[in-house]
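Spelled out from the first residue to the last, the chains are:
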Amino acid sequence: MQRKLAEIDLSAEDTSERLIKLACGHIFTVETLDGHCDMSKYYEIDLMGVFTATKAPPVNYQNPPSCPTCRGPITALRYGRVTKRANLDILEQNVASKMSSELENISQEVEKISAKLESAKDDAKKIPFSSSEKKPEDLHHFAESRKDKFGKEYEPLPPDAIHQGAMTTVHGFSGEESRAWNKIIREFVKLYRKVAGVARTHGPHVQAYGAALATLYRLELAAIASDPERACDKPEPLAMEEVNKKIGQPPHKADTRFQVEGFFLSLELRYMLAEIAQSRISGLNTTSRDEDITTPTNLWRSYASFIYESCVRDASKAFIVAERSTASRLAARARMYILRGDLELFRFEILTERTSLVRDGILDDTHRKILSNRAQQKANATAALMKTLEMTYIRSRPAENTGDLIAERAWFAQNCRERGDKYVEEYRRLAAYLLTESGYAPLSLQEKADIIKAFGFCKSTGRAV
Ligand SMILES: [Zn+2]
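Keep in mind that this is a model prediction, so the values were computed, not measured.

Undergrad: Could you give me a rundown of the overall build of the chain, with the residues and numbers involved?
TA: When its secondary structure is counted, the chain shows 14 helices and 6 strands. Against the globule reference of 23 Å for 465 residues, the chain gives a C-alpha radius of gyration of 29 Å, more extended than a compact globule. If you line up the chain on its principal axes, its C-alpha atoms span 105 × 45 × 35 Å. Looking at the chain as a whole, 47% of its 465 residues are labelled buried. Considering only contacts within the chain whose residues lie at least 6 apart along the sequence, 74% involve residues at least 24 apart. Carbon and sulfur atoms form 53% of the exposed surface of the chain, whose accessible area is close to 23500 Å². The chain carries 68 positive and 65 negative side-chain charges, and their two centres are separated by 3 Å.

Laid out in structure tokens, this is it:
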């Protein structure tokens, strides 16, 4: 206001009369600095300039405020909420941008390695048969002890569950078999280790936020449920809004997105591994007719089932991560990965069961009908689930007008329903094959669009692009 310091009334309560000296030595009125630091974005302020409550802070990344005269840092306690948030944002952006460039590199490598899938399958088929010294009770032991190898709640299957050592210690193969196998899949496991690392990363916001959020969110949902004025059938967004006000930082979706994309890529890699393992099984069936291959075949089947099961579990983990940060599109895509995991596992196990029935010479019409009905039921259940998922998705999106709604439906159709329809169709083809023995080749469910995509992170907007 072009006033001199001497003209300031230091006895007044008004923020236009109170002074702050910054660390650099420059002096401003509180009113000026409050405006400069955008305090009204962080606090409810009454007419007298008094803070009455905290607000949900801005969603976009914030730059730390600095002295208007010399750009020196503002460290005054009054602006702690603003500066802490901005500092966290800088860290967060560094992590997010590192994760996105890592994913970018990994996705290119996944694309390259997927071109080598067929030759890897051929090689796996030709691994020389080495008889296993394992007994049936050993198989049971390995299957049991593997149940706690799926990894923690927020991380994908640990790479140590599939590396060369694990092939003997966790999955029960002979050293010779493990070595031959590892030669073929070494590159896949190496890449898997990288992608699992990205999927395990938590940005600083998530770390600072996670613990507080879970508790507040639960308390808020309970409070809404017991408040007749606020109780409704969609309490989640309401609760999240309240939690945001209290917690001081919005949920950051930047690192969540890269974490979840990391989960997705890790699934694609594992499906390739499982395909190679299936090829190994078919190799055993053709090359070692005269020997007892029950044990090695069962070891490989159990290994492939383990991989498929880990995919179903990890798609669910990815879903929970996305859901907790209210990233509804990621959550919807994770749901599709759960459905795909179910299908991959089901298809593998029912075809394995059929092979066993054929080998034992007991596959008759009754068996065919039973197997086929199971596939048909999965087709129907999946088709019904797709309708529910679409409704859930549309309800989770804030649509302001018909145009928004059409856009959301189009997004769902392109990113989810197309996949769902493909899965339903595959269950039906499987059902037809199991009943009539018509020609059948398993459809590849690989999602090329998810592998080859831009993971870019834009620092100026703080968004994934
Ligand atoms: Zn200054």
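Undergrad: Before we move on, could you go through helix α11 (residues 328–359) and cite the residues and values that matter?
TA: Here α11 spans 47 Å end to end across 32 residues, near enough to the 46 Å set by a 1.5 Å rise per residue. Positive backbone phi, approximately 70°, marks Gly 361, located one or two places after α11.

Undergrad: Hey, could you go over the packing of α11 against helix α12 (residues 365–396) for me, with residue numbers and the actual values?
TA: The geometry of α11 relative to α12 is characterised by a closest axis approach of 11 Å and an angle of 180° between their N-to-C directions. Considered as vectors, α11 and α12 are oriented roughly antiparallel to each other. Residues Ser 328, Arg 329, Ala 332, Arg 335, Met 336, Leu 339, Asp 342, Phe 346, Ile 350, Glu 353, Arg 354 and Leu 357 of α11 form the contact with α12, whose own contacting residues are His 367, Leu 371, Arg 374, Ala 375, Lys 378, Thr 382, Leu 385, Met 386, Leu 389, Tyr 393 and Ser 396.

Undergrad: Pulling in residues and values, what's your account of the nonpolar core?
TA: Where a protein is soluble and globular, its nonpolar side chains tend to be buried together. Counting 68 residues, the largest nonpolar core has Trp 181, Phe 188, Ile 276, Trp 300 and Tyr 303 as its most contacted members. For this core, the element with the most residues is helix α9 (residues 253–287), which contributes 15 residues. Setting aside its immediate chain neighbours within four residues, Tyr 303 contacts Arg 146, Ile 162, Met 167, His 171, Phe 173, Trp 181, Leu 273 and Ala 277. By size, the runner-up hydrophobic cluster in this structure holds 28 residues, among which are Leu 389, Tyr 423, Leu 434 and Leu 445.

Undergrad: I'd love a proper account of the pattern of salt bridges, names of residues and values included.
TA: One pass over the structure, following the stated rule, counts 36 salt bridges. Taking the shortest distance from any N to any O, the salt bridge between Glu 261 and Arg 257 comes out at 3.4 Å. Of the two residues, Glu 261 and Arg 257 are both situated in helix α9; the distance of 4 residues between them amounts to about one turn of the helix. Look at Glu 261 and you get buried, because its relative accessible area is 2%.

Undergrad: How would you summarise the coordination of the zinc ion if you had to cite specific residues and measurements?
TA: All of the protein donors around the zinc ion are Cys 24 (SG), His 26 (ND1), Cys 67 (SG) and Cys 70 (SG); their distances to the metal are 2.0 to 2.3 Å. Seen from the zinc ion, its 4 donor atoms lie at angles of 105 to 113°, and the figure they make is tetrahedral. With relative accessibility at 27%, the residue His 26 sits in the partly exposed group.

Undergrad: Any details on the packing of aromatic side chains? Residues and values, ideally.
TA: This model, assessed by the stated rule, comprises 14 aromatic pairs. Here Tyr 271 and Tyr 308 contribute two aromatic rings whose centre-to-centre distance is 6.1 Å and whose plane-to-plane angle is 35°, an arrangement assigned as tilted. Residue Tyr 271 is located in helix α9, and its partner Tyr 308 is located in helix α10 (residues 294–324); the two are separated by 37 residues in the primary sequence. Owing to a relative accessible area of 4%, Tyr 271 belongs among the buried residues under this scheme. On the accessibility criterion, Tyr 308 (2% relative accessible area) is buried.

Undergrad: Account for unusual backbone geometry, with residues named and values stated.
TA: For Asp 38, which is not a glycine, the phi torsion comes out positive at approximately 55°. Here Asp 38 lies in the loop between α1 (30–36) and β3 (43–45). Although it is not a glycine, Arg 71 sits at a positive phi angle of roughly 65°. Judged by its relative accessible area of 72%, Arg 71 falls in the exposed class.

Undergrad: Could you give an account of the side chain of Arg 368, with specific residues and numbers?
TA: Here Arg 368 is to be found in helix α12. Among the residues examined, Arg 368 registers a relative accessible area of 18% and is labelled buried. A polar atom in the side chain of Arg 368 sits 3.0 Å from the side chain of Glu 437. Residues contacting Arg 368, with those up to four places away along its chain left out, are Leu 363, Leu 434, Leu 435 and Glu 437.

Conventions used here
- Counting restarts for each chain, with residues numbered from 1 along the sequence as it is written.
- Thresholds applied to this predicted model are a pLDDT of at least 70 for local features of residues and 80 or more for the giving and counting of side-chain atom pairs; totals over whole chains, interfaces and linings are not thresholded and use all residues.
- Note that the side-chain values use all heavy atoms of the structure and ignore hydrogens as well as water.
- Counting from the N terminus, the helices are DSSP H or I runs at least four residues long and the strands are E runs at least two residues long.
- As defined in this context, the radius of gyration uses C-alpha atoms, and a globule is described by 2.2 Å times the residue total to the power 0.38.
- Relative accessibility thresholds used throughout: buried, under 20% of the residue-type maximum; exposed, over 50%; partly exposed, between the two (1.4 Å probe, protein chains only).
- A contact between two residues is defined here by any heavy atoms of the two lying within 4.5 Å.
- To measure how exposed things are, a 1.4 Å probe is used in the Shrake-Rupley method; for residues, cover is taken only from the protein chains shown.
- Only four residue types enter the charge count, namely Lys and Arg as positive and Asp and Glu as negative; His and the chain termini do not.
- Just so you know, the charge point we use is NZ for Lys, CZ for Arg, CG for Asp and CD for Glu.
- Expected helix span is given by 1.5 Å per residue-to-residue step, counting one fewer step than there are residues.
- Every axis corresponds to a line fitted to the C-alpha atoms, with the helix fit spanning only the stretch in contact, and the corresponding angles, defined between N-to-C directions, vary from 0 to 180 degrees.
- Roughly parallel means an angle under 35 degrees; roughly antiparallel, over 145; roughly perpendicular, 65 to 115; everything else is oblique.
- Only buried residues count toward a nonpolar core, which is a set of Ala, Val, Leu, Ile, Met, Phe, Trp, Tyr and Cys residues joined through side-chain atoms within 4.5 Å.
- Take a side-chain nitrogen of Lys or Arg and a carboxyl oxygen of Asp or Glu: if they are within 4 Å of each other, that pair is a salt bridge.
- For Na, K and Ca the donor cut-off is 3.2 Å; for every other metal, N, O and S atoms count as donors within 2.8 Å. Water does not enter the count, which can leave sites looking incomplete.
- Only four donors with every angle between 85 and 135 degrees are called tetrahedral; only four or six donors with opposite donors over 155 degrees apart and all others between 65 and 115 are called square planar or octahedral, in that order; all others are irregular.
- Note on aromatic pairs: the rings of Phe, Tyr and Trp (six-membered ring only in Trp) are paired at centre separations within 6.5 Å, and the planes decide the class, stacked below 30 degrees, edge-to-face beyond 60, tilted for the rest.
- N or O atoms within 3.5 Å of each other form a polar contact, as long as, within protein, one can give a hydrogen and the other can take it, and as long as residues adjacent in sequence are counted only when both atoms are side-chain atoms.

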